[in-house]
Amino acid sequence: MSAVAAATSRASVLVMAVGNILRRDDGFADAVLKALEGEELPAGVELFDAGTSIIELMDVFRDRDKLIVIDAIDGGGSPGTLYRFSPQEVDSEAVALHDIHQVGLLEALSLGELIDCTPGEAVVIGVQPKELGLGIGLSPELVDVVPKAIELIKKEIALSF
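Figured I'd write up the structure that's included with this text. (Residues numbered from 1 in each chain as written. Predicted model: local features only at pLDDT ≥ 70, side-chain atom pairs only at ≥ 80, totals over all residues. Heavy atoms only, no water.)

### Quick look at the overall build of the chain
The following threshold applies: Put simply, DSSP marks the helices as runs of H or I at least four residues long and the strands as runs of E at least two long, and each gets a number from the N terminus on. A simple rule labels every residue: compare its accessible area, found with a 1.4 Å probe on the protein chains alone, to the largest value its type can have, and call it buried under 20%, exposed over 50%, or partly exposed in between. Two residues form a contact once any of their heavy atoms are found within 4.5 Å. Note on areas: these come from Shrake-Rupley sampling with a 1.4 Å probe, and a residue is covered only by the protein chains present in the view.
Across its full length, the chain carries six helices and five strands. Starting at the N terminus and ending at the C terminus, the chain contains elements arranged as α-β-α-β-α-β-β-α-α-β-α. A total of 161 residues make up the chain; the buried ones form 44% of that total. Long-range pairs, those at least 24 residues apart, make up 81% of the contacts in the chain between residues at least 6 apart in sequence. Accessible area of the chain: about 8100 Å², with a carbon and sulfur share of 54%.

Following this line, the structure appears as structure tokens:
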């Protein structure tokens, strides 16, 4: 397949989970992504588990109209608080974050601009974690908001079609 054919066959919307299921609430994105697999989504939407290594995935962003990132975010709220923001809001400091993955995402998007490898639009759907220590399984507060996160993501997807 040629590079042009490969680019045109990519889904226009990429929903990407970032996190580590072995660090309790950092597995939130994985739980949401798995739940989304059971949802009816439009053609042109791809679900992707990035693990914790965003900077190595810049090519995954190429030729996408929209990138929706799901992550555990320390925004200072109570556990289970959902956040929706763009990387531009973080750059302008309209949103204050304390998350190692987000730094990687912002760096990847900035680097991607230099090599024309960014999505048309990027949105982050995050949740305030309660517990990030070693272990498997989400805190009850995060389990409770998985359906709300799915609804937010589906609204973001709908805006693209």
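### Comments concerning the pairing of strand β3 (residues 66-72)
The following threshold applies: Paired strands, in this sense, are two strands between which DSSP finds at least two bridges.
The buried fraction of β3 amounts to seven of the seven residues, a majority that puts the element mostly inside the structure. Burial of β3 is two-sided: the residues Lys-66, Ile-68, Ile-70 and Ala-72 facing one way and the residues Leu-67, Val-69 and Asp-71 facing the other way are all buried. Pairing of strand β1 (residues 13-18) with β3 involves five bridges; the strand directions are parallel. The residue of β3 that forms the bridge with Val-15 is Ile-68. In the sheet, β3 pairs with strand β5 (residues 121-127) via seven bridges, with the strands oriented parallel. Among the inter-strand pairings, Val-69 is bridged to a residue of β5, identified as Val-124.

### Describing the side chain of Asp-30
Secondary-structure assignment places Asp-30 in helix α2 (residues 28-37). Those residues in contact with Asp-30 that sit more than four places away from it in its chain are Ala-17, Ile-21 and Asp-49.

### Digging into a nonpolar patch on the surface
Stated formally: Here, patches come from residues exposed beyond 30% relative accessible area and free of salt bridges, joined within 9 Å for like charges and within 5 Å for nonpolar side chains (Val, Leu, Ile, Met, Phe, Trp, Tyr). Salt bridge, as used here: a side-chain nitrogen of Lys or Arg that lies within 4 Å of a carboxyl oxygen of Asp or Glu.
A grouping of Ile-21, Leu-22 and Ile-136 is seen on the molecular surface, where their side chains present a nonpolar patch of about 310 Å² in accessible area. Mapped onto the elements, Ile-21 comes out in the loop between β1 and α2.

### Describing the environment of Asp-49
Put simply, the rule is: For this analysis, a polar contact is any N or O atom pair within 3.5 Å, provided that within protein one partner can donate a hydrogen and the other can accept it, and provided that sequence-adjacent residues contribute only side-chain to side-chain pairs.
The topology assignment puts Asp-49 in strand β2 (residues 45-51). Using a relative accessible area of 43% as the deciding quantity, one classes Asp-49 as partly exposed. Look past the residues within four positions of Asp-49 in its chain and what remains in contact with it is Ala-17, Asp-30 and Leu-33. A distance of 2.9 Å separates the side chain of Asp-49 from the backbone nitrogen of Gly-51, its partner in a polar contact.

### Examining helix α6 (residues 140-158)
Just so we agree on the cut-off: Take the residue count of a helix, subtract one, and multiply by 1.5 Å to get its expected span. Note that bend, as reported per residue, equals the angle between axes fitted to the 7 residues terminating at that residue and the 7 residues originating from it.
For α6, which comprises 19 residues, the first-to-last C-alpha distance of 28 Å matches the rise-based estimate of 27 Å (1.5 Å per residue) to within 8%. For α6, the principal kink sits at Val-146 and spans about 40 degrees; a proline, Pro-147, occurs within the next four residues. Taken as a whole, α6 has its buried residues at Leu-142, Val-145, Val-146, Ala-149, Ile-150, Ile-153, Glu-156 and Ile-157. Residues of α6 that are buried in the fold lie against β1, α2, β2, β3, β4 (82-85) and β5.

### Brief notes about the pattern of salt bridges
Inspection of the entire model under this criterion finds seven salt bridges. Through salt bridges with shared partners, one network takes in Lys-66, Arg-84, Glu-121 and Glu-156.

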